[in-house]
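Structural overview
Chain residues, written in single-letter form:
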Amino acid sequence: MLGLKLPTDPRWVNIVEKNIEDILTDHAFCEQKATSTAISLIVSFPEYTELVQEMVALVKEEISHFKMVHDIIIKRGWTLGRDRRDDYVVQLLKFFAKGGSRTTQLVHRLLYAALIEARSCERFRLLSEELQDKELADFYRKLMVSEANHYTMFLGFARQYGNKKEVDTKWQQLLEYESEIMANLSKTETIHG
Ligand SMILES: [Fe+2]
Ligand SMILES: [Fe+2]
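For clarity, every value in this text was computed on a predicted model and none was experimentally measured. (Residues numbered from 1 in each chain as written. Chains lettered and ligands numbered in written order. Predicted model: local features only at pLDDT ≥ 70, side-chain atom pairs only at ≥ 80, totals over all residues. Heavy atoms only, no water.)

Looking at the iron ion (ligand 1), one finds its protein donor set to be Glu 31 (OE), Glu 62 (OE), His 65 (ND1) and Glu 147 (OE), positioned 2.0 to 2.3 Å from the metal centre. Classification of the site at the iron ion (ligand 1) as irregular follows from its four donor atoms and the range of 88 to 143 degrees in their angles at the metal. Between the iron ion (ligand 1) and the iron ion (ligand 2), a spacing of 3.5 Å is present, and a bridge between the two is formed by Glu 62. Residue Glu 31 is found in helix 2 (residues 20–44), and its partner Glu 62 is found in helix 3 (residues 49–75); the two are separated by 31 residues along the sequence. Of the residues examined, Glu 31 reaches a relative accessible area of 3% and is grouped as buried. For Glu 62, a relative accessible area of 1% translates into the label buried. (Donors = N, O, S within 2.8 Å, 3.2 Å for Na, K, Ca; no water. Tetrahedral: all angles 85-135°; square planar, octahedral: opposite > 155°, others 65-115°. Helix = DSSP H or I, 4+ residues; strand = E, 2+ residues; numbered from the N terminus. Buried < 20%, exposed > 50% of the residue type's maximum accessible area, 1.4 Å probe, protein only.)

Turning our eyes to something else, we now look at the packing of helix 2 against helix 5 (residues 102–130). As a packed pair, helix 2 and helix 5 sit with axes 12 Å apart at the nearest point and diverge in direction by 160 degrees. Accordingly, the angle class assigned to the pair helix 2 and helix 5 is roughly antiparallel. Helix 2 and helix 5 meet at a crossing whose hand is left-handed. Facing His 27, Glu 31, Ser 40, Leu 41 and Ser 44 of helix 2, the residues of helix 5 in contact are Arg 102, Leu 106, Arg 109, Leu 110 and Phe 124. Here the residues of the contact of helix 2 with helix 5 sort into four nonpolar, three polar and three charged. (Axes fitted to C-alpha atoms, helices over the stretch in contact; angles between N-to-C directions. Parallel < 35°, antiparallel > 145°, perpendicular 65-115°, else oblique. Left-handed = near helix turned anticlockwise from the far one by under 90°. Contact = heavy atoms within 4.5 Å. Nonpolar A, V, L, I, M, F, W, Y, C, P; charged D, E, K, R; others polar.)

With that out of the way, let us pick up the side chain of Asp 86. Within the secondary structure, Asp 86 is located in the loop between helix 3 and helix 4 (87–92). Buried and unpaired, Asp 86 has Lys 33 as its nearest opposite-charge partner, separated by 4.9 Å. Apart from the residues lying within four places of it in its own chain, the contact partners of Asp 86 are Lys 33 and His 192. (Lys, Arg positive; Asp, Glu negative; His and termini not counted. Salt bridge = Lys/Arg side-chain N within 4 Å of Asp/Glu carboxyl O.)

Given below as structure tokens:
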């Protein structure tokens, strides 16, 4: 599914179930970061007209996801907690060497975004299938579809703006690297932990 090389260990859901409040806080900030990434791509690459148009739509969608998570937190009588460092993303963003042409930098950022969307989608699918909490399971099923579309869009833009063959090679290498990161994770109640 989604090209990912290593599926999440299903036992991760058991960890999540014991701490729904923490996963919701972490998830809310994932949506906030997805919003920020879309804004940042607009700022960094304004001349890519089609990308800018799609990023505007994405900003609206991701911030609406943030609100959906925030609404659930409020409904359950909780308050959004502080953001925590996302070790998965920190490690992932070390893969491509810094620098290169603007196009290269754009392609790298699009591939990172595609991968984070793909892994989020895979995690949401698992939550939708395994959570005992039916309200949350249904919620994650809906979000899973959105994130799958984002994955396709980011990968499509990378192939459109970069050299398709080079992009495909880089994508495969990034998938390999991501599976190595994942092998040491799935142990905490965070979306990517
Ligand atoms: Fe989202
Ligand atoms: Fe997304």
